[in-house]
Amino acid sequence: MTPIAKGRLFVISGPSGVGKGTLRKALFKSVQGLEYSVSCTTREPRNREIDGVDYQFIDLDHFKDLVKEGRFLEWAEVHGNFYGTLKENVKRILESGRDAILEIDVQGALQVKESEPGAVLIFIMPPSEKELRSRLKRRGTEKEEDLRNRISGSRDEMLLSARYDHLVVNDDLGRALESLRKIIEGYRDPQRSPKSFS
Ligand code: 5GP
């Protein structure tokens, strides 16, 4: 019997301000068959963020209940807020035959790799810390203290990037997008090893 086609799980991480969100949106325009897994978070929405599209914005009690019920594939505390990926979201995407894209931090990515060894981890690197700092400042969504936290956190994240399957430097959006597209399409080669998701 022919096995049912299942999608693959791709995890994208990188320091705050590296341009993950912009790259992800550009990726969805240039590669078919991808679906973004919307995470849950306890952080307050930023202006223009839409509940259910950017995140599922939930309160801490609700988040804790979901943890207790074992509903998360992974979860982590990042910059003082909680974030998590619901198993049911990822399962639904993969069973539809599409590839799932998670945009999560390094702690979460390593948890995913542990439970789903077939997942592909991609780390987006800034060209330099100086450039990262100026991108974050330009974005202007964080207060000074949060900004400092995000920059110091990025050093730890970059150290853990050695455990990722692929690194993409975002020095130029077009070039980074092309690298990302090639990585994803490379895994669609039928010669590649099977995927897993329980
Ligand atoms: P932001 O508050 O800027 O949207 O996200 C802060 C960090 O949390 C980013 O590194 C982002 O990738 C990460 N993040 C977003 N969703 C999740 C998630 O579901 N799980 C984990 N572990 N990290 C997440």
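Above: the structure in question.
As a starting point, this report considers the structure included with it. Keep in mind it's a predicted model, so treat the numbers as computed, not measured.

1. Side note on the site of the ligand
With respect to spatial proximity, 16 residues lie near the ligand, and among them Ser39, Arg43, Tyr55, Tyr83 and Asp105 are the closest. The side chain of Ser39 places a nitrogen or oxygen atom 2.6 Å from an oxygen atom of the ligand. Its free accessible area being 510 Å², the ligand has 95% of it covered by the protein chains. Mapped onto the shell around the ligand, the elements with two or more residues apiece are strand S5 (72-78) and strand S6 (81-86).

2. Topic: the pattern of salt bridges
With the rule as written, the count across this model stands at 18 salt bridges. In this structure, the salt-bridge partner of Glu49 is Arg46, at a minimum N-O distance of 3.8 Å. By sharing partners, the salt bridges in this structure join Glu35, Arg92 and Arg98 into a single network.

3. Let's talk about the side chain of Lys20
Of note, Lys20 is situated in helix H1 (residues 20-30). With near-sequence residues (within four places) excluded, Lys20 lies in contact with Ile12, Ser13, Gly14, Pro15, Glu103 and Ile124.

The rules we used
Residues numbered from 1 in each chain as written. Predicted model: local features only at pLDDT ≥ 70, side-chain atom pairs only at ≥ 80, totals over all residues. Heavy atoms only, no water. Near = heavy atom within 4 Å. Polar contact = N/O pair within 3.5 Å; in protein donor to acceptor, adjacent residues only side chain to side chain. Areas by Shrake-Rupley, 256 points an atom, 1.4 Å probe, with all protein chains shown as cover. Helix = DSSP H or I, 4+ residues; strand = E, 2+ residues; numbered from the N terminus. Salt bridge = Lys/Arg side-chain N within 4 Å of Asp/Glu carboxyl O. Contact = heavy atoms within 4.5 Å.

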